[in-house]
Amino acid sequence: MQVVKPILKSFGMSLFSKFLLFFILFFSESVAQKSVMLSGRVLDEATQKPLKDAIIRIHEIKKTAITDEDGYFKINDLPTGHYHLTVSHLGCANKMIHLDLFKDTQIFISINHHSELLQTVYIKSNKKETKYQVNKSKIDDLSALNFAEMAAQIQGVQVLRQGTNVAKPMIDGFYGHRVTLVNQGLILNGQQWGADHAPELDANSADKLTLLKGASSLMYLGNSIGNVLVLENEPLSNDRHIHGQWIYNFVSNGNGHQGLMNMASSNAIFSWKVHGGYKKIGDRNTPNYFLTNTGQEEWNGAITIQKDWNPKHRSTINYSIFSTSLGVLRGSHVGNLTDLKEALTRDVPFFTNNDFSYDIAAPRQEVTHHTWRTEHLWSASPNHQFKAIYGLQYNIRKEFDVRRSNFSNRPSLSIDQVSHMMDLQYIQNDFLKHQLQIGVQSQFIDNYNSANTGINPLLPNYFQFSNGIYGIVSASKEKVWQPQIGIRYDANYYNAYSLDPAQNGTKLQHNFSAIASLAYEPKDWFRVQSTISSIMRNPSISEWYSFGLHQGVSGIEEGNPNLKTEWARKMTISLATNIQKKWFFDVHGYSYWIDNFIYLQPQDSFRLTIRGAFPVFQYQQALAIINGFDATIHAKFSDYISSTWSYHFLRGDQLQSNVPLIGMPPNRLQFQTKFLFPDFKFWTNNQLLFKANYVFRQNHLNANQDFMTPPDAYFLSSIEFQTQVLIKKNNLKAIIKVDNVFDATYRDYLNRLRYFANDIGRNVMVSLQWKF
Amino acid sequence: MKKIVFNVLVWSVFSLFLLNSCKKHDHDHNHHESELITLIKMTLIAPSVNDTVVFKYEDADGDGGNSPVISKGALKANTTYFGSIEIQNTSVTPNIDITKQILNEATAHQFFYIEKSNNQFDITYDDLDANGKPLGLKTKWMVKAPGTQSLKVVLRHEPNKNGANVSSGVINNAGGETDIEVVWNVTVQ
């Protein structure tokens with residue numbers, strides 16, 4: 001078998017990368033000739049089963065083929081040359097492929113059928129691990145959302161909010177320090193503490209978003225307890241044409257407009273890709289009033305250059321910038337406990353304007369995040385691969401409060417953070433018939449409070465130096481029993497310059513973690529998997545050293561330098577089965593048992609200050625357990641109609657004093673029905689989607705644990721219609737979506753603004769995507 | 001050759017960033033809380049009986065840390081007093097007079113004087129901002145019968161001065177943020 005050079009790259013990546021393959025190309029033996037034959041097979045990405053009636057269009061010569069019962073197709077008498085193919089199938093996102101045809105060629109194409117199933121039924125990946133993913137076409141469809149909302153498409157991920165603009169992902173009830181966010185291999189070290197800082201990430205430049213919960217999560221530095229969200233890019237193609245897409249989004253709630261651009265191409269020297277995005281949204285509105293000062297303006301850019309020295313060496317450099325300016329609901333800014341209590345009783349928040357506005361006034365946040373990254377990949381042989389990554393991140397965060405006017409343009413919180421990271425990886429695919437991944441990582445963080453705020457910073461200045469080493473072994477071939485085991489050791493050194501000199505000092509922490517999983521898959525309709533993890537997480541700087549008023553949560557936070565390392569033990573069991581590929585069942589159960597779980601405990605007494613009384617929160621430790629499960633049933637009634645029901649249950653308790661954990665996601669029921677319509681003239685992939693969400697009241701909480709009792713249960717529904725039009729080799733996709741169709745008034749327990757205002761009302765979204 | 005050029009380019013940019021980020025920070029805290037309020041002093045003067053009473057509320061180390069120090073005096077019954085408030089930040093040297101900042105932004109501030117039960121004093125505003133709305137740095141007190149009364153003094157930043165009864169000192173519809181909230185037990189002899 002002879003392999004053509006350009007194709008080797010995508011094939012070579014498939015062996016090593018942990019990503020799911022989008023398509024695999026094999027080239028058959030060739031004889032030099034003028035007209036060639038293209039044949040192949042189209043498979044379902046999730047199940048690897050053949051797809052019949054898939055349409056393969058060759059744009060350059062307007063030839064079309066349709067796959068047979070077994071997914072095969074054949075196109076004869078093609079002149080040699082460069083071709084662009086579009087592969088489409090009912091219910092699938094169209095796939096575009098670029099081919100250099102110089103001889104008879106056979107290709108295997110995996111396309112993303114049942115995209116809704118990707119979240120609910122395990123994916124057969126080359127990593128033999130339950131993975132949860134948002135793929136590129138879904139990222140494009142959801143581009144109007146922020147990073148956390150996008151991640152929430154993955155089963156088990158919730159959104160913790162402070163209003164609409166500030167949102168961070170929550171996984172199994174954990175967020176912040178306990179969820180590591182990875183952007184192209186670099187750990188996002190922004191301000192992870194508190195609910196009032198959103199991650200500085202632009203998901204729209206990425207090709208996929210994956211949640212890792214098993215041994216693979218040990219590949220990354222950071223201090224998670226086994227939940228890692230990874231944004232990744234595919235390697236660039238060698239296509240000489242310029243390909244890419246333009247996206248325009250409109251959202252009615254907030255009168256928001258957004259433009260996005262991705263373009264990629266290559267020349268004789270290198271391949272390149274550029275990304276740009278701009279978004280402007282004004283005040284959101286509830287069914288009855290505007291949420292004054294909730295606008296946002298964001299712009300992003302990224303440039304990637306990839307150089308393939310030869311089939312074995314590839315270098316990539318990329319730079320990206322994320323910049324946002326966002327408003328926080330004016331009425332949520334309170335001075336002290338009296339103000340807070342008064343705000344809680346308001347039907348309509350203080351400072352609510354009757355007019356819509358794009359203005360962003362204090363309280364507001366301005367965040368800029370630069371990322372510079374270089375990577376070198378050496379595929380020494382099909383079974384041995386080395387990768388080196390260096391990354392630099394520069395994070396500038398400024399948060400402005402309502403202050404007396406001579407301070408109004410001075411931030412109340414101003415933090416500059418610089419981090420350097422080095423990552424060396426080695427992957428061997430024939431290690432005792434298993435795949436072996438080992439790596440070492442170093443990271444240096446310098447977190448500095450700018451001295452011009454006029455307010456004592458909540459966190460001290462600090463340096464952090466982390467070094468880690470890991471090893472993961474997984475079954476590399478399709479087997480009935482699929483074991484995977486990973487271990488990791490981290491040494492984290494901190495040097496903090498606290499306001500209280502008595503607390504200045506250095507800390508050296510050692511964390512040992514291990515995760516083992518075993519999957520049993522005797523038939524293609526049955527799979528059971530269990531994972532056992534033991535993970536250590538040392539306290540973060542904010543947990544050790546916070547001291548002072550945390551304006552974003554209007555409380556005085558006091559860290560505790562004597563906090564010990566958290567030790568989490570986790571067990572999961574997942575079971576997936578189906579009846580004749582019509583009824584799919586999936587249950588995922590998990591249990592965390594965490595020694596020394598660190599949490600903010602409200603103190604009984606209030607702190608008296610000249611500004612009145614403030615609630616005091618102290619970081620404390622206790623044994624905590626969290627149990628939960630996600631259950632999903634998916635029914636495929638016909639090729640045209642399918643439904644999904646899912647139920648998510650979670651319960652967390654702090655065992656020492658036997659009280660529920662605060663801020664745990666309430667249980668929820670989700671329902672979705674999808675109708676597909678046959679192609680009509682040039683309208684293809686016509687879909688109609690109904691979704692309904694019922695979120696229960698968080699009843700697992702004692703009466704005096706919060707300022708306000710948890711909000712009532714609520715029901716939200718949405719309708720979405722999408723269609724695609726093929727115009728030559730270009731693809732236009734249009735989506736119209738209505739969220740909160742009935743304009744329901746509700747408050748969400750995971751939104752901190754629930755104390756002050758209702759959540760947003762009906763929202764009509766229009767998205768146009770031009771792919772070329 | 002191309003490879004060398006490329007590598008030099010990559011590493012030079014990398015080291016540029018590295019050098020830049022390594023510039024020395026003074027990693028000590030040099031923050032001055034210029035905006036902080038540590039002292040509120042309320043002086044009541046009764047010209048008719050030549051009496052001066054001072055109420056103080058001082059929290060020199062700001063939020064948290066040591067408890068505030070509260071000092072107070074006794075008022076004479078059935079007397080008219082003129083009150084004035086002085087606010088300072090004593091945590092820095094020289095002290096910062098915040099009263100001036102508030103005067104400069106009179107339209108964005110208002111004091112409220114709240115009695116626990118409403119009959120010991122009759123307190124009215126004795127100053128106005130540029131819009132003709134009360135500010136409350138200066139007040140006029142009609143002190144009534146002897147007794148003890150808990151009096152809360154509140155300074156609101158950006159209150160809604162047009163709210164119902166806000167001009168006559170009713171805080172309920174004022175909104176805004178609390179900059180100061182102190183309580184004195186006032187004795188009337």
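Counting starts from 1 at the beginning of each chain's written sequence and moves along it residue by residue. Each chain gets a letter, beginning with A, and each ligand a number, beginning with 1, in the order they are written. Totals for whole chains, interfaces and linings use every residue, but because this is a predicted model, local features are given only for residues with pLDDT of at least 70 and side-chain atom pairs only at 80 or more, for both listing and counting.

J.: An account of the overall build of chain A is requested, with residue identities and associated values reported.
T.: Secondary structure assignment for chain A yields six helices and 40 strands. When we talk radius of gyration, it's over C-alpha atoms, and the globule rule is simply 2.2 Å times the number of residues to the 0.38. Taken over the C-alpha trace, chain A has a radius of gyration of 26 Å; the compact-globule value for 772 residues is 28 Å, and the two agree within 12%. Each of the three principal axes of chain A carries a C-alpha extent, and together these read 90 × 55 × 50 Å. Any residue whose C-beta has 12 or fewer other C-beta atoms within 10 Å is treated as exposed, any with 20 or more as buried, and any in between as partly exposed, C-beta atoms being built from the backbone. Expressed as a percentage of the 772 residues in chain A, the buried residues total 50%. Long-range pairs, those at least 24 residues apart, make up 65% of the contacts in chain A with a sequence separation of at least 6. Note on conventions: DSSP H or I runs of at least 4 residues are helices, E runs of at least 2 residues are strands, and numbering of each starts at the N terminus. Each residue gets a C-beta atom placed from its backbone, and two residues are in contact if those atoms lie within 7 Å.

J.: Could you give an account of the overall build of chain B, naming the residues involved and the relevant values?
T.: For chain B, the helix and strand inventory stands at two helices and eleven strands. Listing each helix as α and each strand as β along chain B from the N terminus yields α-β-β-β-β-β-β-α-β-β-β-β-β. The burial tally for chain B puts 29% of its 189 residues in the buried class. For chain B, the share of sequence-separated contacts (at least 6 apart) that also reach a separation of at least 24 residues comes to 64%.

J.: With reference to specific residues and values, describe the environment of Gly454 of chain A.
T.: Residue and element names in this part refer to chain A. Inspection of the secondary structure assignment puts Gly454 in the loop between β24 (434-449) and β25 (461-475). The partly exposed category is assigned to Gly454, around which 17 C-beta atoms lie within 10 Å. In this structure the C-alpha to C-alpha distance between Gly454 and Pro411, which are 43 residues apart in sequence, comes to 8.6 Å.

J.: So what's going on with the nonpolar core? Which residues, and what values?
T.: Membership of the largest hydrophobic core comes to 70 residues, with the highest contact counts inside it found for Met150, Ala151, Val182, Ala203, Leu209 and Leu229 of chain A. Setting aside anything within four residues of it in sequence, one finds Met150 of chain A in contact with Val134, Ile139, Leu142, Leu145, Ala203 and Leu209 of chain A. Joined through C-beta atoms within 7 Å, a set of buried Ala, Val, Leu, Ile, Met, Phe, Trp, Tyr and Cys residues constitutes a nonpolar core. Among the nonpolar cores identified, the runner-up in size contains 33 residues, and Leu44, Ile87, Trp141 and Ile171 of chain B belong to it.

J.: Got a sec to walk through helix α5 (residues 337-344) of chain A? Specific residues and values, please.
T.: Residues of α5 of chain A that are buried: Leu337, Asp339, Leu340 and Ala343 of chain A. All buried residues of α5 of chain A project into a common sector of 160° when viewed along the axis, lining one side. Where α5 of chain A is buried, its residues meet β32 (583-609) and β33 (612-636) of chain A together with β11 (177-188) of chain B. Arc definition: it is the arc formed by the directions from the helix axis to the C-beta atoms.

J.: Can you explain the sheet that holds strand β7 (residues 95-101) of chain A? Please cite residues and give values.
T.: All names here are of chain A. Pairing between strands is defined by DSSP: at least two bridges between the two strands are required. The four strands are arranged β4-β3-β6-β7 in an open sheet whose pairing can be described as antiparallel. The open sheet has two free edges, formed respectively by β4 (63-66) and β7, since each of these has just one partner strand. Going from strand to strand, the sheet's axes swing by 25° on average, the running direction of each strand aside. When strand β3 (residues 55-58) meets strand β6 (residues 81-88), the two strands line up antiparallel, connected through four bridges. Along β6, the bridge assignment pairs Arg57 with Thr86. Think of each axis as a best-fit line through the C-alpha atoms, taken over the contacting stretch in the case of a helix, with angles from 0 to 180 degrees between the N-to-C directions.

J.: Tell me what's going on with the domain arrangement of chain A, and back it up with residues and numbers.
T.: Segmentation into domains, and thus their bounds, comes from an automatic or database assignment. In terms of domain boundaries, chain A breaks down into domain 1 (5-115) and domain 2 (121-234 + 244-330 + 340-348 + 360-758 + 767-771). On a C-alpha basis, the centres of domain 1 of chain A and domain 2 of chain A stand 34 Å from each other.

J.: How would you explain the pairing of strand β23 (residues 413-431) of chain A if you had to name every residue and give the values?
T.: Residues and elements named next belong to chain A. As paired strands, strand β22 (residues 384-400) and β23 are joined by 16 bridges and run antiparallel to one another. In the sheet register, Gln385 faces β23, and the bridge partner there is Ile427. Alignment of β23 against β24, held across 15 bridges, turns out to be antiparallel. Paired with Ile415 across the two strands is Asn449, which belongs to β24.

J.: Give me the sheet that holds strand β4 (residues 74-75) of chain B: which residues, what numbers.
T.: Residues and elements named next belong to chain B. The strand order across the open sheet built from four strands is β4-β11-β10-β7, with neighbouring strands paired in mixed fashion. Lying at the two open borders of the sheet, with one neighbouring strand each, are β4 and β7 (109-115). With seven bridges connecting them, β7 and strand β10 (residues 147-157) associate as antiparallel partners. Paired with Gln110 across the strands is Arg156, a residue of β10.

J.: Please set out the environment of Gly147 of chain B residue by residue, giving values where relevant.
T.: All names here are of chain B. Examined against the element boundaries, Gly147 turns out to sit in strand β10. Placed 40 residues apart in sequence, Gly147 and Thr187 show a C-alpha to C-alpha distance of 6.0 Å. Setting aside chain neighbours within four positions, we find Gly147 in contact with Gln120 and Val188.

J.: Break down the environment of Arg611 of chain A for me, citing the residues and quoting the values.
T.: Here Arg611 of chain A is to be found in the loop between β32 and β33. For Arg611 of chain A, a count of 25 C-beta atoms within 10 Å gives the class buried. Between the C-alpha atoms of Arg611 of chain A and Leu85 of chain A, which are 526 residues apart in sequence, the distance is 68 Å. Residues contacting Arg611 of chain A, with those up to four places away along its chain left out, are Gly335 and Asn336 of chain A together with Thr178, Asp179, Ile180 and Glu181 of chain B.

J.: Tell me about the confidence of the model for chain B, and please be specific about residues and values.
T.: Residues and elements named next belong to chain B. Residue-level pLDDT values for chain B average 82, and 79% of them are 70 or greater. Low pLDDT, under 50, characterises residues 19-32; the predicted model gives this stretch 15 contacts beyond four residues in sequence or across chains. Complex prediction metrics read pTM 0.84 and ipTM 0.72. Residue-level confidence of the predictor, termed pLDDT, takes values from 0 up to 100.

J.: So what about the confidence of the model for chain A? Which residues, and what values?
T.: Residues and elements named next belong to chain A. Of the residues in chain A, 91% have a pLDDT of 70 or more, and the chain-wide mean is 86. Segment residues 1-33 is flagged for pLDDT under 50; beyond a separation of four residues in sequence, or across chains, it makes 54 contacts in the model. Note on residues 115-130: pLDDT under 50 across the span, and 53 contacts to partners over four residues away in sequence or across chains.

J.: Account for unusual backbone geometry, with residues named and values stated.
T.: Omega for the peptide link from Ala362 of chain A to Pro363 of chain A comes to 0°, which places this bond in the cis form. Topologically, Pro363 of chain A is positioned in the loop between α5 and β21 (364-381). Despite not being glycine, Asn293 of chain A has its phi angle at roughly 70°, a positive value. Along the chain, Asn293 of chain A turns up in the loop between β18 (271-281) and β19 (296-310). Judged by local crowding, Asn293 of chain A falls into the buried class, with 27 C-beta atoms found within 10 Å. One non-glycine residue with positive phi stands out, namely Asn165 of chain B, at about 65°. Along the chain, the position of Asn165 of chain B falls in the loop between β10 and β11.

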